[in-house]
Amino acid sequence: MKYNCLIIDDEKVLADSTAEYFNLFGVKTAAVYGAEECRRFFDANSAELILLDINLGDGSGFELCKRLRESTAVPILFISARTSDDDKIVALNIGGDDYVQKPYSLGVLLAKVRAVLKRCGSREEYSDGNLCVNFSTREVSVGGKPVKLTALEFKLLCYLIENRGRVVPKSELFDSVWGDRFTGDGTLNVHIRKLREAVERNANAPEYIITVWGDGYKFREGGR
């Protein structure tokens, strides 16, 4: 069976109530309560998006995310009562797409889930003959050769491509890619540099990812 959303959380009452709420508003949702149940779920079902708790009774959400990323590219939103910034950084670096703090508002979470589902359903691929980005499979190639990006680099590239042609302020990238408006310029600069080294013909003379001094960055379609 195909679901819009799968919730993986060992807090059974919270998982069930969230799934029930989503279903009431037309987001077909299932809930499981651990890593082993997640494995069995995907033996017979599929989901377009995963809400994954960091703390599971039978393991770590971080480890489960790593295993899921071996076989699926669907968006993974971490949910956790933990407030450490280190957790957020780890979550994004191992393949998570966002980090949601518990306790959460069901209405706000539903809006976020709908936005992710809409975004993923409306985009398939960017290709200009040189750079090709498949948003569903997370595959990137330059000149026909595959390029490996970290989860954060891929998310940053996708956000710039989605907003191509306009200047994206640094503050917007901090909010939308890192989910943290206090992320520093140094962190962003490092990721922009690595991204340019991966997709540009010459990282020192970028054609795609253009710096707009004092404002932010702009993705130039076609690299010209």
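That block above? That's the structure.
Basis of the calculations
- Residues numbered from 1 in each chain as written.
- Predicted model: local features only at pLDDT ≥ 70, side-chain atom pairs only at ≥ 80, totals over all residues.
- Heavy atoms only, no water.
- Helix = DSSP H or I, 4+ residues; strand = E, 2+ residues; numbered from the N terminus.
- Pairing = 2+ DSSP bridges.
- Contact = heavy atoms within 4.5 Å.
- Axes fitted to C-alpha atoms, helices over the stretch in contact; angles between N-to-C directions.
- Expected span 1.5 Å × (residues − 1).
- Buried < 20%, exposed > 50% of the residue type's maximum accessible area, 1.4 Å probe, protein only.
- Arc of directions from axis to C-beta.
- Salt bridge = Lys/Arg side-chain N within 4 Å of Asp/Glu carboxyl O.
- Right-handed = clockwise from strand over helix to strand, strands pointing away.
- Phe/Tyr/Trp six-rings, centres within 6.5 Å; stacked < 30°, edge-to-face > 60°.
- Lys NZ or Arg CZ within 6 Å of the ring centre and 35° of its normal.
- Disulfide = S-S within 2.5 Å.

On to unusual backbone geometry. Cis peptide bonds are those with omega within 30 degrees of zero, and the linkage from Lys 102 to Pro 103 qualifies with -5 degrees. Mapped onto the elements, Pro 103 comes out in the loop between strand S7 (98–101) and helix H5 (106–122).

A few words now on the sheet that holds strand S13 (residues 209–212). The strands making up a sheet are joined through hydrogen bonds of the backbone, oriented either antiparallel or parallel. What the three strands build is an open sheet, ordered S12-S14-S13; its pairing is antiparallel. Whereas interior strands pair on both sides, the edge strands pair on one side only; in this sheet they are strand S12 (168–169) and S13. Summarising the sheet, S12 and strand S14 (residues 216–219) pair through two bridges and their orientation is antiparallel. Paired with Val 168 across the strands is Tyr 217, a residue of S14. Of the strands in this sheet, S12, S13 and S14 touch helix H6 (residues 151–162), which is tilted by about 70 degrees from S14. The sheet strands contacting helix H8 (residues 185–199) are S13 and S14, and the helix crosses S13 at an angle near 145 degrees.

When the terminal C-alpha atoms of H8 are compared, their 21 Å separation across 15 residues agrees well with the 21 Å that a helix rising 1.5 Å per residue should span. What H8 keeps buried is the set Leu 188, His 191, Ile 192, Leu 195, Arg 196 and Val 199. Within H8, the buried residues cover an arc of 140 degrees as seen down the axis, which keeps them to one side. Packed against the buried residues of H8 are strand S9 (131–134), strand S10 (139–142), H6, helix H7 (170–178), S13 and S14.

This part covers the pattern of salt bridges. What the rule picks out here adds up to 14 salt bridges. A salt bridge links Glu 63 to Lys 66, with the nearest nitrogen and oxygen atoms 3.5 Å apart. Of this pair, Glu 63 and Lys 66 are both found in helix H3 (residues 61–68), three residues apart, which corresponds to roughly one turn of the helix. Looking at Lys 66, the relative accessible area reads 41%, which means it is partly exposed. With a closest N to O distance of 3.2 Å, Arg 193 and Glu 197 form a salt bridge. Of the two residues, Arg 193 and Glu 197 are both situated in helix H8; the distance of four residues between them amounts to about one turn of the helix.

Here we take up the pairing of S7. Two elements, strand S6 (residues 76–80) and S7, share four bridges in a ladder whose sense is parallel. Each residue of the ladder has a partner; that of Ser 80, found in S7, is Gln 101. Handedness of the crossover joining S6 and S7 through helix H4 (residues 85–93): right-handed.

A complete count under the given rule lists six aromatic pairs for this structure. Ring centres 5.6 Å apart and planes at 45 degrees place the aromatic pair Tyr 3 and Phe 41 in the tilted group. Of this pair, Tyr 3 sits in strand S1 (residues 2–8) while Phe 41 sits in helix H2 (residues 35–44); the two residues are 38 residues apart in sequence, bridging distant segments of the chain. Each member of the pair, Tyr 3 together with Phe 41, is buried. The interplanar angle of 85 degrees and the centroid separation of 5.5 Å between the aromatic rings of Tyr 126 and Phe 219 together place this pair among those described as edge-to-face. Residue Tyr 126 is located in strand S8 (residues 125–127), and its partner Phe 219 is located in strand S14; the two are separated by 93 residues in the primary sequence. These aromatic residues form a ring-pair network of at least three members: Tyr 3, Phe 41 and Phe 42. Lying across the ring of Tyr 3, Lys 28 places its NZ or CZ 5.2 Å from the centre.

Taken together, five strands build an open sheet; the order of strands is S2-S1-S3-S6-S7 and the sheet is parallel. Since the sheet does not close on itself, it has two edges, and those belong to strand S2 (29–32) and S7, each with one partner. Put simply, the sheet's adjacent strands are angled 25 degrees from each other on average, direction ignored.

Time to look at the state of the cysteines. Inspection of every chain in the model, using the stated rule, returns zero disulfides. A disulfide-free cysteine, Cys 65 has its sulfur positioned 10 Å from the sulfur of Cys 38, the nearest such atom.

Before going further, it helps to examine H7. Among the residues of H7, those classed as buried are Glu 172, Leu 173, Phe 174, Val 177 and Trp 178. Buried residues belonging to H7 abut H4, H6, S12, H8 and S14. Looking one or two places after H7, you find Gly 179, whose phi comes out positive at around 70 degrees.

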